[in-house]
Amino acid sequence: MVTAPELYFHAKKIFECNQIESASFEAMCIIEHVFGKKLASLLLEKTTASEEQKNTVNNLAYRRISGYPLQYLLGKWEFFGLPFYVGEGVLIPRQDTETLVETVLKIKLPENPKILDLCSGSGCIAVTLALNLKNAEVTAVEISDKAVEYIKKNAKLNDSEINIVMGNVLSGETAKMFSGIDVIVCNPPYLTADDMKALQKEVTFEPETALFGGNDGLDFYKSITKIWRDCLKSGGVLAYEIGMGQESDVKKMLEENNFTNIEMTKDLSGIIRVVRGEKI
Ligand code: GLN
């Protein structure tokens, strides 16, 4: 008979031996996921594990050391204090992206603002904004049908009402559907061709379409800034998440397209992560 604490220490050891950086944390996530209880009480109660629980923990631990992302194994991940379903086909919400949400929450908005989240992915930005801005009308735009399913599930999970539009953000046809928008927020694919060659193993399981931003990583900024400008109200804000070092290129694109009051915000690691501008 094996207990939950034994399985926890076993998983932790496997992770340590396989250079998983946060071995204790990841082992804890897996044990809590399998047993549906906090590790602290499992340790205290010395809960016994069924054969099935034992096999599931071992299975997850071995998939994890093959490089498969922890977040996909768990099927859920937290963003801005809220739970989101994740899995193959959507980018895993990153903490960096919370900087983008915070930037939008600081904008002085009218009573019932209209907000668009382009390249919505799991919907984490759209859902978080909808929940934090009670009178906002938030629309998520996403091209992938797999991701759209996640957006629907995540809106439901968080009891948030958002609109979902399936469409290509690089097409003027999609943009034509919208006008009078107060804020456009977007975390587009922004990795360069070189970045794509040097991906961390875990990231290779995430959709390439959510990562690769063309040779220089800037394709989406170039197109979106031009195509979506007309959807914004005068004074409306376009806020982008960017990759490390992309700020001057993105700032230039905003200036060339008549955006003003351009501001940049650093993430928690001190990297400029958000560039935003106002439509003149
Ligand atoms: N931030 C992601 C990463 O570091 C990239 C996601 C994106 O291109 N928006 O892998």
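Each remark here, short or long, concerns the structure printed above.
In this text the structure is predicted, and so the values were computed from the model without any measurement.

**Student:** Looking at this structure, how should I read the pattern of salt bridges?
**Tutor:** Where charged atoms of side chains with opposite charge meet at close range, the side chains can pair. Under the defined criterion, the tally for this structure stands at 17 salt bridges. Here Arg273 and Asp96 are joined by a salt bridge, their closest N and O atoms 3.7 Å apart. Here the residue Arg273 occupies a position in strand 9 (residues 272-279), and Asp96 occupies one in helix 6 (residues 96-105), the gap between them amounting to 177 residues. Across the pair Lys176 and Glu173 runs a salt bridge, and its minimum N-O distance is 3.1 Å. Overall, Glu173 belongs to the exposed group, its relative accessible area being 55%. Through salt bridges with shared partners, a single network forms among Glu26, Arg64 and Glu202.

**Student:** Mind showing me how you'd approach the packing of aromatic side chains here?
**Tutor:** Two descriptors summarise a pair of aromatic rings, namely the distance from one centre to the other and the angle between the planes of the rings. For the coordinates displayed, the defined rule picks out seven aromatic pairs. Measuring from ring centre to ring centre gives 6.3 Å for Phe79 and Phe80, while their planes differ by 40 degrees; the resulting arrangement is tilted. Accessibility expressed as a relative area gives 1% for Phe79, which makes it buried. A relative accessible area of 23% means that Phe80 is categorised as partly exposed. Ring geometry for Phe79 versus Phe84: centroids 6.2 Å apart, planes at 70 degrees, classification edge-to-face. Classification of Phe84 as buried rests on a relative accessible area of 0%.

**Student:** Help me understand helix 11 (residues 219-228), please; the structure alone is not making it clear to me.
**Tutor:** An α-helix turns once every 3.6 residues. As a result, residues three or four positions apart point the same way. All buried positions along helix 11 are accounted for by Phe220, Tyr221, Ile224, Thr225 and Trp228. Burial along helix 11 is one-sided: seen end-on, the buried residues are contained in an arc of 115 degrees. For helix 11, the elements touching its buried residues are strand 3 (114-118), helix 9 (172-175), strand 6 (181-186), strand 7 (232-241), helix 12 (247-256) and strand 8 (259-266).

Calculation rules
- Residues numbered from 1 in each chain as written.
- Predicted model: local features only at pLDDT ≥ 70, side-chain atom pairs only at ≥ 80, totals over all residues.
- Heavy atoms only, no water.
- Salt bridge = Lys/Arg side-chain N within 4 Å of Asp/Glu carboxyl O.
- Helix = DSSP H or I, 4+ residues; strand = E, 2+ residues; numbered from the N terminus.
- Buried < 20%, exposed > 50% of the residue type's maximum accessible area, 1.4 Å probe, protein only.
- Phe/Tyr/Trp six-rings, centres within 6.5 Å; stacked < 30°, edge-to-face > 60°.
- Arc of directions from axis to C-beta.
- Contact = heavy atoms within 4.5 Å.

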